[in-house]
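# Examination of the molecular architecture
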Amino acid sequence: MENKAVRIIFSILAPAMLIGGLLWQVERYKVKFFNSGYQEVMGTFAQVTVKSPGKLVADKHIEAAFARIWQIHAMMNDRDPNSEISHLTQTAHVSPAKVSPELFEIIALSREYSRISEGAFDITVGAETQLWRQMKQTGQKPDDAALAAAREKVGYEKIILDETNKTVKFAVEGMKLDVGAIAKGYAVDLAIELLKKKGVKSAMVDIGGNVRCFGDGPAGGLWLIGLQDPRNPQELLAKLKLNDMAVATSGDYERFAVVDGKQYSHILNPKTAESVSELASVTIIAPMAVRTDALSTAVSVLGAAKGMALIESLEQTECILILSGDTSSLIQSRGAAEFILQEPKNIRTQE
Ligand code: AMP
Ligand code: MG
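What you see as residue numbers is a count from 1 along each chain, following the sequence as written. Think of it this way: whatever chain is written first is A, whatever ligand is written first is 1, and the rest follow in order. Local features are withheld for residues below a pLDDT of 70 in this predicted model, meaning they are given only at 70 or higher, and side-chain atom pairs are given and counted only at 80 or more; totals for whole chains, interfaces and linings count all residues. Processing note: side-chain calculations cover all non-hydrogen atoms of the structure and skip hydrogens and water entirely.

## Description of the overall build of the protein chain
- Within the protein chain, the regular secondary structure consists of nine helices and 19 strands.
- It only takes one pair of heavy atoms within 4.5 Å for two residues to be counted as in contact. Put simply, of all contacts in the protein chain between residues at least 6 apart along the chain, 59% involve residues at least 24 apart.
- Shrake-Rupley sampling with a 1.4 Å probe provides the accessible areas, and residues are treated as covered by the protein chains on show and by no other component. Here the protein chain displays about 17,700 Å² of accessible surface, and carbon together with sulfur accounts for 54% of that area. By definition, any uninterrupted DSSP run of H or I lasting at least four residues is a helix, any uninterrupted run of E lasting at least two residues is a strand, and each is numbered from the N terminus.

## Things to note about the side chain of threonine 49
- Looking at the element boundaries, threonine 49 is found in strand 3 (residues 44-52).
- Of note is the side chain of threonine 49, whose polar atom sits 2.9 Å from the side chain of asparagine 35.
- Leaving out residues up to four positions away in the same chain, threonine 49 has contacts with Phe33, Phe34, Asn35, Ser202, Ala203, Met204 and Trp223. Polar contacts, as used here, are pairs of N or O atoms within 3.5 Å; protein pairs need one atom able to donate a hydrogen and one able to accept it. Residues neighboring in sequence count only if both atoms are side-chain atoms.

## Describing the coordination of the magnesium ion (ligand 2)
- Metal coordination here is assigned from N, O and S atoms located within 2.8 Å of the ion, or within 3.2 Å for Na, K and Ca; omission of water means that sites may look incomplete. The coordination sphere of the magnesium ion (ligand 2) contains the protein donors Ala181 (O), Asp293 (O), Asp293 (OD) and Thr297 (OG1), at a distance range of 2.1 to 2.5 Å.
- Summarised as a motif, the one-chain spacing of the donors to the magnesium ion (ligand 2) is A-x111-D-x3-T. Linking alanine 181 in the loop between strand 6 (167-170) and helix 7 (183-197) with aspartate 293 in helix 8 (residues 289-302), this pair joins segments that are 112 residues apart in sequence. Each member of the pair, alanine 181 as well as aspartate 293, carries the same accessibility label: buried. For each residue, the accessible area found with a 1.4 Å probe, counting protein chains only, is set against the maximum for its type, and the residue is called buried under 20%, exposed over 50%, and partly exposed in between.

## With respect to the packing of aromatic side chains
- Note on aromatic contacts: the rings of Phe and Tyr and the six-membered ring of Trp form a pair at centre separations within 6.5 Å, being stacked when their planes are under 30 degrees apart, edge-to-face when over 60 apart, and tilted otherwise. Inspection of the entire model under this criterion finds two aromatic pairs.
- With a centroid separation of 5.6 Å and an interplanar angle of 85°, the aromatic rings of phenylalanine 33 and tryptophan 223 are classed as edge-to-face. Here the residue phenylalanine 33 occupies a position in strand 1 (residues 32-35), and tryptophan 223 occupies one in strand 9 (residues 223-229), the gap between them amounting to 190 residues.
- On the basis of relative accessibility, which here comes to 30%, the residue phenylalanine 33 falls in the partly exposed class.
- Classification of tryptophan 223 as buried rests on a relative accessible area of 3%.
- Seen in terms of ring centroids, tyrosine 113 and phenylalanine 121 are 6.5 Å apart; in terms of plane orientation they differ by 75°. Their pairing is edge-to-face. By the burial criterion, tyrosine 113 is buried, and phenylalanine 121 matches it.
- The ring of phenylalanine 214 carries lysine 196 above its face, with NZ or CZ at 5.0 Å from the centroid. In this scheme, Lys NZ or Arg CZ marks a charge over a ring once it lies within 6 Å of the ring centre and within 35 degrees of the ring normal.

## Looking at the site of ligand 1
- Only heavy atoms are used to decide nearness, and a residue is near a molecule or strand if one of them lies within 4 Å of it. Within the structure, ligand 1 sits among 17 residues, and Ala120, Asp178, Ser250, Leu268 and Thr297 are positioned closest to it.
- Here a nitrogen atom of ligand 1 sits 3.0 Å away from a polar atom, N or O, in the main chain of aspartate 122.
- Here an oxygen atom of ligand 1 sits 3.3 Å away from a polar atom, N or O, in the main chain of alanine 181.
- Considering every element that reaches the shell around ligand 1, the biggest residue donor is helix 8, with three residues.

## Points about the pattern of salt bridges
- Just to be clear on terms, a salt bridge is a Lys or Arg side-chain nitrogen sitting within 4 Å of an Asp or Glu carboxyl oxygen. Applying the stated rule across the entire model yields seven salt bridges.
- The closest approach of N and O atoms between arginine 334 and glutamate 312, which form a salt bridge, is 3.9 Å. Here glutamate 312 lies in helix 9 (residues 304-313) and arginine 334 lies in the loop between strand 18 (326-332) and strand 19 (347-349), a separation of 22 residues in the sequence.
- With relative accessibility at 52%, the residue arginine 334 sits in the exposed group.
- A residue is classified by how much of its surface remains accessible, and glutamate 312, at 25% relative accessible area, is partly exposed.

## Focus on the sheet that holds strand 4 (residues 97-98)
- Spatially, the three strands line up as an open sheet ordered 4-6-5, and their pairing is antiparallel. Each edge of the open sheet carries a strand with a single partner, namely strand 4 and strand 5 (159-162).
- Two strands form a pair only when DSSP identifies at least two bridges running between them. Where strand 5 and strand 6 come together, four bridges link them in antiparallel fashion. Among the inter-strand pairings, leucine 161 is bridged to a residue of strand 6, identified as valine 168.

## A word on the nonpolar core
- Only buried residues count toward a nonpolar core, which is a set of Ala, Val, Leu, Ile, Met, Phe, Trp, Tyr and Cys residues joined through side-chain atoms within 4.5 Å. In terms of nonpolar packing, the biggest core is built from 66 residues, with Leu88 and Ile107 touching the most fellow members.
- If near-sequence neighbours (up to four positions away) are discounted, isoleucine 107 is found in contact with Leu88, Ile123, Ile159, Leu161, Val168 and Leu177.
- Among the nonpolar cores identified, the runner-up in size contains 19 residues, and Val211, Cys213, Leu330 and Ile340 belong to it.

## As for the pairing of strand 11 (residues 245-251)
- Judged by how many residues are buried, strand 11 sits mostly within the fold: six of seven residues are covered.
- As defined by bridge partners, strand 8 (residues 210-214) adjoins strand 11 across three bridges and the pair is classed as antiparallel. Pairing of cysteine 213 across the sheet is with methionine 245, part of strand 11.
- Alignment of strand 11 against strand 16 (residues 279-286), held across six bridges, turns out to be antiparallel. When the sheet's bridge partners are listed, threonine 249 is paired in strand 16 with threonine 283.

## Digging into the environment of glycine 37
- With respect to the secondary-structure elements, glycine 37 resides in the loop between strand 1 and strand 2 (39-41).
- Using a relative accessible area of 28% as the deciding quantity, one classes glycine 37 as partly exposed.
- Spatially, the C-alpha atoms of glycine 37 and glutamine 47 are 5.6 Å apart, while their sequence positions differ by 10 residues.
- Setting aside residues no more than four positions away along its own chain, glycine 37 makes contact with Ala46 and Gln47.

## Regarding the packing of helix 8 against helix 9
- Remark: helix 8 packs on helix 9, axes separated minimally by 6 Å, with the N-to-C direction vectors making an angle of 140°. From helix 8, Leu295, Val299 and Leu302 reach across to helix 9, where they touch Ala304, Lys306, Gly307, Leu310 and Ile311. To get an axis, fit a line to the C-alpha atoms, keeping to the stretch in contact for a helix; angles then go from 0 to 180 degrees between the N-to-C directions.

In structure tokens form, the structure reads like this:
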């Protein structure tokens, strides 16, 4: 009697356990998206999203990506007197200084973006950004003598690189590097490369609006990124759809100094040391985040006409511009429409 009861219970339980076990296995291998949430790094907020069969694996990948980002932050932080970049700034006018492969690469890439933008993008802008930071703190504009002295210290052609020995030398004393316009994009690319190497099939890395993604995204296979309204950053002007691409926006609304009620953008024209003002927002779409970061700053300096001409001359590179004087309409490069999910009403395409 007892045996029969056990047999009956077992014949009910066994298939139920089998089905339950199978469902558990299916659930286990059903890939989901896991997100780090926003974490403060590189003077802004970053998040990493990975597609993974489980949280444990996802967390490991997210942790590794953040470790790489922190490494770049530590090297490139010009506000830390002990960082590699600060050390270079203090010594490179005396004799050629040997630097890490990452710092060498970011300087070499920066020189290339300086060359193609005819100096609109320039990481030797450090002496000028230092004056801008003082202006932000004091609410007082720097005097002409200080601006002239800072301008003397600027110029990408004053960096001498030795490719073989990986050394950097400055042609003038007092030159100060500021990689704030390219380091976040560079770190995004390194984090993405690391995730790919670890076998992750889909991921997105975002450092302060410098975004790159690969693989299937959570929105029907795509990754959706909002384009902020520069005069009302809580609102989106458009949504971008990306796959295996990077996007970055430089905007006058992000960081600015205020003097006598007037806003001065953190992006400077290296030739004049003045804040730029023509464009409220510049969005660049390209395969690499280092490119979108550098070019969004370069185009902010070049302005709409010259900036658009530069973007149209480059392969696989698109832009969406918003003028400060007319923030209700977008100006986009010829190939940009492919990346816009919802066409906003006022949109002008480069003729
Ligand atoms: P982003 O937000 O990428 O446009 O970078 C802006 C930051 O880069 C500023 O806060 C400065 O530290 C630095 N910067 C400002 N103007 C330039 C410029 N013309 N070229 C390179 N870096 C710049
Ligand atoms: Mg930039």
